[in-house]
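Chain and residue survey
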Amino acid sequence: MTTTPLPFPRRRFGETSRPDLWWLQPAAIALGFAVYIAYATWAAFQGEHYRFGPYLSPFYSPELFGSPESFFGPKPDWWPAILPFSAAFLILWIPGGFRFTCYYYRGAYYKAFAADPPACAVGEPRTKYEGENTFPLILQNVHRYFLYLSIGIIAMLAFDVWQALWFTDPATGGKSLGLGVGTLVLALNVVLLSSYTFGCHSLRHLVGGRIDHLSKEPARFAAYKCVSCLNRRHMRWAWLSLFWVGFSDLYVRLCSMGIWSDWRIF
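Residues numbered from 1 in each chain as written. Predicted model: local features only at pLDDT ≥ 70, side-chain atom pairs only at ≥ 80, totals over all residues. Heavy atoms only, no water.

1. Considering the overall build of the protein
Across its full length, the protein holds eight helices and four strands. Ordered by position in the sequence, the α and β elements of the protein form the string α-β-β-α-α-α-β-β-α-α-α-α. Its C-alpha atoms give the protein principal-axis dimensions of about 90 × 50 × 40 Å. The proportion of buried residues among the 266 residues of the protein is 40%. Carbon together with sulfur atoms contributes 67% to the accessible area of the protein, which is approximately 15900 Å² in total. Positive and negative charge centroids in the protein, built from 23 and 16 side chains respectively, lie 9 Å apart. (Helix = DSSP H or I, 4+ residues; strand = E, 2+ residues; numbered from the N terminus. Buried < 20%, exposed > 50% of the residue type's maximum accessible area, 1.4 Å probe, protein only. Areas by Shrake-Rupley, 256 points an atom, 1.4 Å probe, with all protein chains shown as cover. Lys, Arg positive; Asp, Glu negative; His and termini not counted. Charge placed at Lys NZ, Arg CZ, Asp CG, Glu CD.)

Here's what the structure looks like:
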């Protein structure tokens, strides 16, 4: 049987026969990323208004240095004097790196910012694909290591929710159990971030990879099903958690500035 190769003409950049508004999704993603990155960068450089009562902004947690409430006290002596200091600089690189190397996000921002490709069945700018063995895709292979660090961040954020349940009595100076709207905001932030983090593709591989018969490993099989359940909605958790972690910082910031009032439920 003989075969005849069929020519496959390469599309010019942006060329497509799609009649739909294919550019709308990457444009919306680019706008969403741009707004979040601009706000997060601005908030990180502020270095203030990240605490209100028992609430700590997730952009600054864990607070290693920066205030009397931090783990190691005020700004460290080894910090270069010519550089601005913010407690957020010491920890934001962890969730930032985790999202930057995320399997979902890389596809989203490649389409949105690099147009590589702009969308399915749309001409892209490059002439060949070399996989994850060359720059910049080779950098994505560190995703699993950011996963380990991000799980630690989740644990610290959960501890912050516990701290957010204890309010200082202005009359006695003692602490008493309570619940404020800010407590719920920070608690929901942990739920959404956990749903995104524990649905990670790398975690799914770590839990169920390299096993031929998962059914013979009941504990790992159960964990694999849980991670897979979250993984099926990974895109949804990614965007919900991104929005809410930004809103959580905004909530604490505006309460600290006296613009918003935190309503105490009890």
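Continuing now.
2. Comments concerning the side chain of Asn189
Relative to the elements of secondary structure, Asn189 occurs in helix α5 (residues 181-197). Apart from residues lying up to four places away in sequence, Asn189 is in contact with Pro58, Leu157, Trp244, Val245 and Ser248. (Contact = heavy atoms within 4.5 Å.)

3. Topic: the state of the cysteines
This structure, assessed with the given rule, holds zero disulfides. With no disulfide of its own, Cys200 lies 6.6 Å from the sulfur of Cys102, the closest cysteine sulfur. Among the cysteines around Cys226, which has no disulfide bond, Cys229 carries the closest sulfur, lying 7.4 Å off. (Disulfide = S-S within 2.5 Å.)

4. Concerning the nonpolar core
Of all hydrophobic cores here, the largest spans 49 residues; its most connected members are Phe33, Tyr55, Tyr60, Tyr104, Tyr105 and Tyr196. Put simply, the parts of the chain that give this core at least two residues each are α1 (24-46), β2 (55-56), α2 (93-100), α3 (103-114), α4 (143-163), α5, α6 (201-208) and α8 (234-256). Setting aside residues no more than four positions away along its own chain, Tyr105 makes contact with Phe33, Arg99, Tyr196, Ala238, Trp239 and Leu242. (Core = buried A, V, L, I, M, F, W, Y, C linked by side-chain atoms within 4.5 Å.)

5. Re a nonpolar patch on the surface
On the surface, a cluster of nonpolar side chains totalling about 560 Å² of accessible area is made up of Leu177, Leu184, Trp263, Ile265 and Phe266. Relative to the helices and strands, Ile265 resides in the segment after α8. You can call Ile265 partly exposed: its relative accessible area is 38%. (Patch = residues over 30% accessible without salt bridge, like charges linked within 9 Å, V, L, I, M, F, W, Y side chains within 5 Å. Salt bridge = Lys/Arg side-chain N within 4 Å of Asp/Glu carboxyl O.)

6. Some details on the packing of aromatic side chains
All chains considered together, the criterion is met by 29 aromatic pairs. Ring plane angle 40° and centroid distance 5.9 Å describe the contact between Tyr39 and Trp42, whose orientation is recorded as tilted. Here the residue Tyr39 and the residue Trp42 both occupy positions in helix α1, the gap between them amounting to three residues, near one helical turn. Note on Trp42: relative accessible area 43%, which makes it partly exposed. Aromatic side chains Phe71 and Phe72 sit 6.4 Å apart centroid to centroid with 45° between the ring planes, which places their arrangement in the tilted category. For the pair Phe71 and Phe72, one class covers both residues: exposed. Taken together, the ring pairs connect Phe45, Phe65, Phe71, Phe72, Trp78, Trp79, Phe85 and Phe89 into an aromatic cluster. For Lys225, the ring lying beneath its charged end belongs to Phe221, and the centroid distance is 4.8 Å. Its end group placed over the ring of Phe167, Arg264 keeps NZ or CZ at 3.9 Å from the ring centre. (Phe/Tyr/Trp six-rings, centres within 6.5 Å; stacked < 30°, edge-to-face > 60°. Lys NZ or Arg CZ within 6 Å of the ring centre and 35° of its normal.)

7. Observations concerning α4
An α-helical segment advances 3.6 residues per turn. Residues three or four places apart therefore align on the same side. The terminal C-alpha atoms of α4, which comprises 21 residues, lie 30 Å apart, in line with the 30 Å expected from a rise of 1.5 Å per residue. Those residues of α4 that fall on the buried side of the exposure criterion are His143, Phe146, Leu147, Ser150, Ile153, Ile154, Leu157, Asp160 and Val161. (Expected span 1.5 Å × (residues − 1).)

8. A look at the confidence of the model for the protein
Of the residues in the protein, 92% reach a pLDDT of 70 or more, and the chain-wide mean stands at 88. Across the protein, the secondary-structure element scoring lowest on mean pLDDT is α3, at 80, and the one scoring highest is α5, at 98. (pLDDT = per-residue confidence, 0-100.)

9. What about the packing of α4 against α5?
α5 packs onto α4 with a crossing angle of 160° between their chain directions and a minimal axis gap of 9 Å. In terms of orientation, α4 and α5 fall into the roughly antiparallel class. For the element pair α4 and α5, the recorded crossing hand is left-handed. For the pair α4 and α5, contact is made by Leu147, Ser150, Ile151, Ile154, Leu157, Ala158 and Val161 and by Thr183, Leu186, Ala187, Asn189, Val190, Leu193, Ser194 and Thr197, respectively. (Axes fitted to C-alpha atoms, helices over the stretch in contact; angles between N-to-C directions. Parallel < 35°, antiparallel > 145°, perpendicular 65-115°, else oblique. Left-handed = near helix turned anticlockwise from the far one by under 90°.)

10. Describing the packing of α2 against α4
Packing of α2 against α4 brings their axes to within 9 Å, and their N-to-C directions diverge by 135°. When the interaxial angle is binned, α2 and α4 end up oblique. The hand of the α2/α4 crossing is left-handed. Within the contact between the two elements, α2 uses Trp93, Ile94, Gly97 and Phe98 and α4 uses His143, Phe146, Leu147, Leu149, Ser150 and Ile153. Residues belonging to the contact of α2 with α4 are distributed by class as follows: seven nonpolar, three polar and no charged. (Nonpolar A, V, L, I, M, F, W, Y, C, P; charged D, E, K, R; others polar.)

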